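Structure assessment
Read off the chains here:
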Amino acid sequence: MDVSTCLKSLLLTIRQYRNNRSPLHASQLQKHIEDVSGLKCEGVLFSGQVLPSECLSGLMEVAGDPNTNHALIGTIISLLAQFASDGEAKEALHSSYNFTGTLAAIIHCNRTTPEEPLVLQCLNVLQRLTYNVRTLRCTSHIHELIGFLMQHTQSNNDDIIKACLGLMANLCRHDISVQTHIKSQSNVKAFYRALINFLGHNCLTVVVFALSILSSLTLNEEVGQKLFNAKNIHQTFQLIFNITVNGDGTLTRNYAVDLLVDLLKNAKIADYLAKYKHLSVCLSEVLGLLHSKDPDTATKVLELLVSLCSIPVLRKLVCETVLRPPAPRLQPGARKGVQARGSEPSLALLHWVTSPLDGPEQCYMQALSLLAELFEEAIDSSLSTPVQPFVELLLQEVLVLLQSPESTEGEQTLKQHCLRAGRVVDLLLVLSGDDIMRMLLSQRLRPEVCVSQVELLLSYSQDLTGSTRTTSNYQLSQVCSEVVLKTLELMSHLRQHMPDMETSFYRILQDQRMVTPLSLALTSNCREHVQMALHILFEAAPLPDFPSIILGDSIAANNAYHQRETELSVQSSSVSEDIGKNFPIAHVEPSGSAYNSIDSLIEKLQNGVEFQEKVKDVHMSEIIDVYEQKLSALACKESRLQDLLEAKALALSQADRLIAQYRCQRAQAEAEARKLGSLLKDTERRKEDLQSVFSDQLLEVERLKSDSQQLLEHNRRLQTVADQHQELKGTYNQLLSRYDKSEGMLKELQAAHISLTQQAEGLRKTNEGLKLQLDRTLAELSDKEQQIKGLKTDVQEKERNISGLQNDIIKQDEQICEMEENITILRKELNKTEQARKDASIKASSLELQKSQIEAKLEKLEEELGKHTHMIAMIHSLSSGKLKGDATANLSL
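Residues numbered from 1 in each chain as written. Predicted model: local features only at pLDDT ≥ 70, side-chain atom pairs only at ≥ 80, totals over all residues. Heavy atoms only, no water.

Here we take up the packing of aromatic side chains. One pass over the structure, following the stated rule, counts five aromatic pairs. On the numbers, 5.3 Å between centres and 65° between planes, the contact of F505 with Y506 is edge-to-face. Judged by its relative accessible area of 22%, Y506 falls in the partly exposed class. Following the ring pairs from residue to residue traces out a cluster consisting of Y131, F209 and Y255. (Phe/Tyr/Trp six-rings, centres within 6.5 Å; stacked < 30°, edge-to-face > 60°. Buried < 20%, exposed > 50% of the residue type's maximum accessible area, 1.4 Å probe, protein only.)

Put into structure tokens, the structure is as follows:
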């Protein structure tokens, strides 16, 4: 038979039993409960569905009925007690179904017979149900239960004493209202004396229970100061450590550890423990319990060690004790070696850290917290180098835990992965605070692990945001957001030491899905979350694609959600108070009003008969007949009323059982009604405003149509831009690679630039020398030009002399022809000489060597002039002697 069919049969049997409480129906119901108890239906029973909820509510009603036989109640309690140890089922039984109130009511109804097995069973289940759980104030019969426990701690039955003390220890721990109620009782001093007497009991469990109750009630009072003074506290420490190491069961060890954790919250007792001379030995023996295969024992030991680390002096001692021995370096697949080397507590601690995800959750969570505390102390104490081998082994095992789980379909699986990943990232953040450990971390952590972790959590957080916003979804979204921000914080610390980490970091910051983690953290009431989100926001705000507007809208929406939750909580609390005033808790007791009315009726009838007997009348027999008829009618009415009273008593008992459920339903209904009423008023106001706006909006419809067309066109353009953006992203990645290559080329070019700069400096100096040389050359050239001008004037004078001589030569025709030919030849040569002179003057600006050539040519021309002079002299020699002398004088000039 499957679970669904079995639950349907159980619900039908419960209804039949409520309609007819016959032994047959009771046996059938007991049989169906035993069938359900044999099935593994924990996930279905507490899934929140209608059928399992109806079954559990029906079982609570049957168990809380005083008329139900004890065997059936015991069977129901045995079924529900199976789930009293599981976290979620325990919370559902405690808060949703008020199982604590039902058990307290059963004990209250059987308070006169505390030796009943049912009472002991209820006490034991209550002890398991209330362990580490705070009792709700609205729990029915809680004050009566406390009075019962205080009364029967002095019982002769050791089982009753142990159960009462254990339950009282749970109720008193961290619950000020229960502590105040106990202290206000008249017999509280006798209760204190009884607890002090239990400190000498031969059962260690009773001793631990008594110490736990006394520490909760009297630690800050005069009695507690005397009990836990400097003389007695060392005996208490020795007792607690002995029970922790050599306890006679997990239950006693758990309460002993809880007692020490509570005592350490007192500064004076913490100082006493730091000065305890046997602390090192006791701590080594406690660490030896980590090699146990029992996860419950390891969890409590780890909880104790984490509590010790909250005190600076003790944290240093724990760090030296755990991390002082050098851890061996194991191969990647040698996890069995971790378990085999049981002599080192660090390796045992590493074994519990690497437990499977579906293993004991509190165990690996406490182990990760302890490692974070120990490495924080190691960094502060400069012990990074001695613990480096263990850090390498730890990173080898821990980084595997950041990988995405194989199956993320279940919400519980993902939540466990998020919680463990958050603790792992906390540990890695602590390690990144030291240079040596940060270098080891950067060598072993790959950017892809962080990116895949963030992508998984962002996608799941986006799915939760798009679904219905329930409390569980909101809490899971907060957990995912916290892990995302912690991972980004780790990437920010390592981006300067790891390749590609900075690119991945900034790419994630520009993802629009980052809005949800940032908005949840910025609106959180946790200071660390807000500071971490502000640090990430400081890095992301300057980026071009960061969605700052969407982030502002999300923050405003979260603030509105928190405000609405606050208003609803205030309204629900006021509604519950009103219901408590209007509908007080009714106890199941026989109703006497109906019986009183019947008694008064019979009394009046008897008085009437006696009065009629005193009247003297002749028709006495007729009157007696009339009264006999009336009496018979009244007898029938009495029997009928008796039946009605029995039915009324049953109805009252059912009403008393249902009133607790009715309160919750009534409170929820009134809260919803008020919420709907406020929403209705807001809707009416909005309707009136919208009616006035509607006319304006009609005018805007036409404009909006044209705007919509424009928007469609703009959307198409944006789509094109989006495609181009994707192409540009690819181009951007290529440019990044080209940028890296260009950066290498830039370094080479910078080196070449330096060498060329040196060469340019040498050339500049050479150029300056050449400029000085050019200036000298130009000065010499100007001198040569002055000389050439002087020669020109000389030539001109000689030409004038020649022209004068030509007038004399005309006289002789024959000589003139010869002289003209010679003169023509000379003129051509002079022209050539003049042209050569001009070329020489041009070439002299660039070449200094041509000067010598010009001088040579000038010498040749002088020789030719000499020849011509000689020829002219010969010509004049042919003429008169006078002319000859004049010509010779002129030529000599």
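As a further point, take the packing of helix α29 (residues 501-509) against helix α31 (residues 527-540). The relative placement of two packed helices is expressed as an angle between their axes plus a distance between the axes. Direction vectors running N to C along α29 and α31 enclose 100°, while the axes themselves pass 10 Å from each other. Taken together, the axis directions place α29 and α31 in an arrangement best described as roughly perpendicular. Within the contact between the two elements, α29 uses F505, Y506 and L509 and α31 uses I536, E539 and A540. Here the contact of α29 with α31 is built from residues that sort into five nonpolar, no polar and one charged. (Axes fitted to C-alpha atoms, helices over the stretch in contact; angles between N-to-C directions. Helix = DSSP H or I, 4+ residues; strand = E, 2+ residues; numbered from the N terminus. Parallel < 35°, antiparallel > 145°, perpendicular 65-115°, else oblique. Contact = heavy atoms within 4.5 Å. Nonpolar A, V, L, I, M, F, W, Y, C, P; charged D, E, K, R; others polar.)

With respect to the helices and strands, the residue L259 is situated in helix α16 (residues 250-264). When the C-alpha atoms of L259 and R173 are compared, they prove to be 9.6 Å apart, with 86 residues separating the residues in sequence. Setting aside residues up to four positions removed in sequence, L259 forms contacts with V208, L211, S212, S215 and I240.

As a further point, take helix α4 (residues 50-64). Taking 1.5 Å per residue, 15 residues should reach 21 Å; α4 reaches 21 Å between its end C-alpha atoms and fits that length. For α4, the buried fraction is high: eleven of the 15 residues fall into the buried class. All of the buried residues along α4 are P52, S53, C55, L56, G58, L59, M60, E61, V62, A63 and G64. (Expected span 1.5 Å × (residues − 1).)

Within helix α12 (residues 188-198) the residues assigned to the buried category are V188, F191, Y192, A194, L195 and F198. Each buried residue of α12 sits inside an arc of 160° when the element is viewed along its axis, so together they form one side. Projecting away from the buried face of α12 at angles above 90 degrees are the exposed residues K189, R193 and N197. Looking at the packing, one finds that the buried side of α12 touches α9 (142-152), α10 (158-172), α11 (176-183) and α13 (204-218). (Arc of directions from axis to C-beta.)

So, on to unusual backbone geometry. If you check the backbone angles, N132 has positive phi at about 60° while not being a glycine. Mapped onto the elements of the fold, N132 is located in the loop between α8 (117-129) and α9. The class of N132 is exposed, set by a relative accessible area of 52%. The backbone of H174 shows a phi angle near 60°, a positive value even though the residue is not glycine. If you trace the backbone, H174 turns up in the loop between α10 and α11.

It is worth spelling out the environment of A421 at this point. Inspection of the secondary structure assignment puts A421 in helix α25 (residues 411-431). Overall, A421 belongs to the buried group, its relative accessible area being 0%. Considered as a pair, A421 and S404 are 17 residues apart in the sequence and their alpha carbons are 9.5 Å apart.

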